[in-house]
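Structure assessment
What follows is each chain in one-letter form.
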Amino acid sequence: RREKERQDREYSSSQLSFDTSLEGIGVSEASAIAEEEGRGGRRRGKRRNNHLLSFAEGKSLSSASMSFRRGLKRGLSGGAVKRSLDPRLQQRPRATASSAGCGAGAAEVIIAGGGPAGLFSSFLLARAGIKSTVLEKAERTEDYSSRSYTIVLNERGKGALLSGSPLFSKLLEAGSERRFVYMIDGRTGSESKIPKNPPGIGFTRPQLVRLLEAEVEGEPLVKLSRGSGVTAVTESADTGFLRVHLDDGSELKATHVIGCDGKWSKVRQSLPSFRGAAEITSVPSFGVHATTDAPKGWSRDGTHVIKGSSDLFYVIASPLPGDRRSLTIVCKEKIAQTHPWLRPAEVDGPAAENWEGDCAEPEFKLLERLEGLLRDELPAFDIGAGLRGGHINRRASWLRWKGEEVTFSSEGGRVALIGDAAHAMTASVGEGCNCALESAARLAEAVVAEMKAEASETCSASAMSKAFVSYGLARPGEVVPVQETSATRNGWKKEI
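These figures come from a predicted structure and were not determined experimentally.

This brings us to helix 16 (residues 476-489). Its 14 residues place the ends of helix 16 20 Å apart at the C-alpha level, agreeing with the 20 Å of an ideal helix rising 1.5 Å per residue. Of all the 14 residues making up helix 16, 11 are buried; the element is thus mostly covered by neighbouring parts of the structure. Within helix 16, the full set of buried residues consists of Pro476, Gly477, Glu478, Val479, Val480, Pro481, Val482, Gln483, Glu484, Ser486 and Ala487. Glycine 491 sits one or two residues past helix 16 and shows a positive phi near 100 degrees.

Structure follows, in structure tokens:
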């Protein structure tokens, strides 16, 4: 009863704060905020948008300061301000069956997945004084191969890294600046140069992982364990802890788990909260990857897009460390009608949940055919010497959430998903890693906000659960539209 009374008082106070924050906002501005939040009222943003508009239409309210309006807009797009303004997030249960057993003690966090998102999460949690263990299935960081890919950090990714400011300057120095997008006619060789302002920062994925690893390996609050793959997460009914099952048959316990274990996340698949809530959805396009020596005089300060007369494919050329470059041939599915050797392999069963066995064409034969295709269709494009590493990927796919109510946290707030485990997307807009880093930053923001609310330098298990729920409710509205935009550019059509 006392807990209910306290929640009611807090709800009334937060409702007044939320209402007062809208003072002076007119219908047009409220509409703009609503559109930014929910793309015209999608998912849970719809209820909040209606609240915004009803306030703007009928009330005579005193003016709010412009700086507070900017803070409100940032909050509604998913920052830490959102939690303080939205009474629905304040209203959630303070203790659940899944957190009651360990709510008084400090949070014990396991991060499943040691890619960029997982490593960055551990770094940000350590800055907040929170210990974590990162479990990564791979025994070593991969060298660059045709299955690796180039990452260009844009304002989204760079903004996330600024939240871990000691990292930002180091990554800026290590990456290569991408100041332009070069659009090239592969038939005539004519070129147009589109400035990127501000410029992006380019890395290979292994390069970015190694840079992040170097930071967390010197961090006493982070334990990085390679060769430890997570197969499932279950809840222990007697202790209230989570049991993290590893591929060697052993188990670890934690109060909380952050799932960063990729598109085919075992964390997501093992929890009832997420089971059946999302599905891997293919699009009618795929990529073919290879590497080659960069020709003399080739501009390394940007990404090159080469198109010919055919609308069946185009080429993206990106600089790699040294004098190499990657070539990605982005193909529409119907190219296999005229070039059957390009048909991506059909992969079913357990093999569909990883990248193994998705290229049936022998590499040497594939490279010969690729070179012939590029010379025939793009005669003005200098392929360069040393073409190797040919690989046909399976059809591009993304993680599509079902229903109107989407959350990236489990019921009770014991597990949160970030990166591809939460919002895998196709590569067409180059936002996958940028969104993953941003999700790590958003989650850390929510954790720090809860610690401040408790006026504590130690993050309790109950505070971590609240932060996971807050992040899980707020983040989908920001990133799901990016997923859908990316899939649409690869030929996916939304059902009406």
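More follows now that the structure is in view.
Note that side chains of opposite charge can pair when their charged atoms are close. Under the definition given, this model contains 20 salt bridges. Residue arginine 156 is joined to glutamate 431 by a salt bridge in which the shortest nitrogen-to-oxygen separation is 3.2 Å. Placement of arginine 156 in helix 8 (residues 155-162) and of glutamate 431 in the loop between helix 13 (420-423) and helix 14 (432-453) is noted, with a sequence separation of 275 residues between them. The buried category is assigned to glutamate 431, whose relative accessible area is 13%. The closest approach of N and O atoms between glutamate 445 and arginine 442, which form a salt bridge, is 3.7 Å.

Now for the sheet that holds strand 1 (residues 109-112). Strand order in this open sheet of 5 strands is 6-2-1-10-16, and the pairing throughout is parallel. One side of each edge strand has no neighbouring strand; the edge strands of this open sheet are strand 6 (222-226) and strand 16 (415-417). Sheet twist, expressed as the mean angle between neighbouring strand axes with direction ignored, is 20 degrees. Sheet topology note: the strand 1/strand 2 (residues 132-136) ladder contains 4 bridges and is parallel. Of the residues in strand 2, the one forming a bridge with valine 109 is serine 132.

For the rest of this paragraph, the subject is the nonpolar core. Within the largest apolar cluster, 74 residues are counted, with the highest numbers of intra-cluster contacts made by Phe120, Ile130, Ile258 and Val267. Broken down by element, this core gets its largest block of residues, 11 residues, from helix 14. Not counting residues within four places of it along the chain, the set of residues in contact with isoleucine 130 comprises Val109, Leu125, Leu221, Val447, Met451, Cys459 and Met464. Among the nonpolar cores identified, the runner-up in size contains 28 residues, and Leu327, Ile335, Leu373 and Leu378 belong to it.

Our focus in this paragraph is the pairing of strand 10 (residues 256-259). Neither face of strand 10 is left uncovered, since the one carrying His256 and Ile258 and the one carrying Val257 and Gly259 both have all their residues buried. In terms of strand pairing, strand 1 meets strand 10 through 4 bridges, oriented parallel. Residue alanine 112 lies in a different strand from strand 10, and its bridge partner there is glycine 259. Strand direction decides the pairing type here: strand 10 and strand 16, joined by 3 bridges, are parallel. The residue of strand 16 that forms the bridge with isoleucine 258 is alanine 416.

Moving on: the environment of threonine 255. As for its placement among the helices and strands, threonine 255 is situated in the loop between strand 9 (251-254) and strand 10. Judged by relative accessible area, which is 1%, threonine 255 ranks as buried. Separated by 205 residues in the primary sequence, threonine 255 and serine 460 have C-alpha atoms spaced 9.7 Å apart. Within polar-contact distance, the side chain of threonine 255 engages the backbone nitrogen of glutamate 108 at 2.7 Å. In terms of polar contacts, threonine 255 uses its side chain to reach the side chain of histidine 256, at 2.8 Å.

In this section: the packing of aromatic side chains. Given two aromatic rings, their pairing is described by the distance between the two centres and the angle made by the two planes. Enumeration over the complete set of coordinates arrives at 5 aromatic pairs. For the pair tryptophan 398 and tryptophan 492, a centre-to-centre distance of 4.9 Å together with 75 degrees between the ring planes defines the contact as edge-to-face. Of the two residues, tryptophan 398 sits in strand 15 (residues 388-401) while tryptophan 492 sits in the segment after helix 16, which places them 94 residues apart along the sequence. For the pair tryptophan 398 and tryptophan 492, a shared accessibility class is recorded, and that class is buried.

Turning next to the environment of valine 447. One can find valine 447 in helix 14. For the pair formed by valine 447 and leucine 125, sequence separation is 322 residues and the distance between their alpha carbons is 8.3 Å. Sequence-distant contacts of valine 447, defined by excluding residues within four places in its chain, comprise Leu125, Ile130, Cys459, Met464 and Ala467.

Bringing the sheet that holds strand 15 into the picture now. What the 8 strands build is an open sheet, ordered 3-5-4-12-13-14-11-15; its pairing is mixed. Where the open sheet ends on each side, the last strands, each with one partner, are strand 3 (150-153) and strand 15. The mean inter-strand angle of the sheet, taken between neighbouring strand axes irrespective of direction, is 35 degrees. Inspection of the sheet shows strand 12 (residues 302-307) paired to strand 13 (residues 313-319) by 3 bridges, in the antiparallel sense. Bridge pairing links histidine 304 to alanine 317 in strand 13. The sheet strands contacting helix 10 (residues 205-217) are strand 3 and strand 5 (191-204), and the helix crosses strand 5 at an angle near 40 degrees.

How each quantity is defined
- Residues numbered from 1 in each chain as written.
- Predicted model: local features only at pLDDT ≥ 70, side-chain atom pairs only at ≥ 80, totals over all residues.
- Heavy atoms only, no water.
- Helix = DSSP H or I, 4+ residues; strand = E, 2+ residues; numbered from the N terminus.
- Expected span 1.5 Å × (residues − 1).
- Buried < 20%, exposed > 50% of the residue type's maximum accessible area, 1.4 Å probe, protein only.
- Salt bridge = Lys/Arg side-chain N within 4 Å of Asp/Glu carboxyl O.
- Pairing = 2+ DSSP bridges.
- Axes fitted to C-alpha atoms, helices over the stretch in contact; angles between N-to-C directions.
- Core = buried A, V, L, I, M, F, W, Y, C linked by side-chain atoms within 4.5 Å.
- Contact = heavy atoms within 4.5 Å.
- Polar contact = N/O pair within 3.5 Å; in protein donor to acceptor, adjacent residues only side chain to side chain.
- Phe/Tyr/Trp six-rings, centres within 6.5 Å; stacked < 30°, edge-to-face > 60°.

Purely spatial values, then, with no claim about function.
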